[in-house]
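# Inside the fold
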Amino acid sequence: NFAVNPQGTRIATYSQNGLLRIMDTSNQNVIQITRMHAKLFPNDISFSKDSKYLAIGFASQQVKILTVETLK
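Residues numbered from 1 in each chain as written. Predicted model: local features only at pLDDT ≥ 70, side-chain atom pairs only at ≥ 80, totals over all residues. Heavy atoms only, no water.

Next up on the list: the sheet that holds strand β6 (residues 53–58). One open sheet accounts for 3 strands, arranged β5-β6-β7; its pairing is antiparallel. At either margin of the open sheet sits one strand with a lone partner, and together these are β5 (42–47) and β7 (63–67). Going across the sheet, the axis of each strand differs from the next one's by a mean of 15 degrees, ignoring polarity. As defined by bridge partners, β5 adjoins β6 across 5 bridges and the pair is classed as antiparallel. Directly across from Asp44, in β6, lies its bridge partner Gly57. (Pairing = 2+ DSSP bridges. Helix = DSSP H or I, 4+ residues; strand = E, 2+ residues; numbered from the N terminus. Axes fitted to C-alpha atoms, helices over the stretch in contact; angles between N-to-C directions.)

This part covers unusual backbone geometry. What is expected of a backbone is that most residues other than glycine have negative phi and most peptide bonds are trans. Its identity as a non-glycine residue notwithstanding, Gln28 has a phi of 60 degrees, on the positive side. Looking at where Gln28 falls in the secondary structure, it is placed in the loop between β3 (19–24) and β4 (30–35). Although it is not a glycine, Gln61 sits at a positive phi angle of roughly 75 degrees. Here Gln61 is to be found in the loop between β6 and β7.

Now for the sheet that holds β4. Strand pairing in a sheet is mediated by backbone hydrogen bonds. Such pairs are either parallel or antiparallel. If you trace the 4 strands from one edge of the open sheet to the other, you get β1-β2-β3-β4, paired in antiparallel fashion. The sheet is open, and its two edges are formed by β1 (2–4) and β4, each paired on a single side. For this sheet, the mean angle separating the axes of adjacent strands, direction not counted, is 10 degrees. Bridge count between β3 and β4: 5 bridges; the pairing is antiparallel. From the neighbouring strand, Arg21 faces β4, where its bridge partner is Ile33.

Here it is, written out as structure tokens:
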């Protein structure tokens, strides 16, 4: 799954192996990367309007809200 922030400057990707990445759209460099629980299968991912937060919805109906700056 992936999402683009409202400004179009960042892309967030979450893969089934549990890796969450934030990338810069101008040069495709990875800015942030973290490993989340590999058994949490993402259904949806979205940036907040101000691009400070990232919401991830999982198949288990769990939702996580993370800050984009720290991914915590």
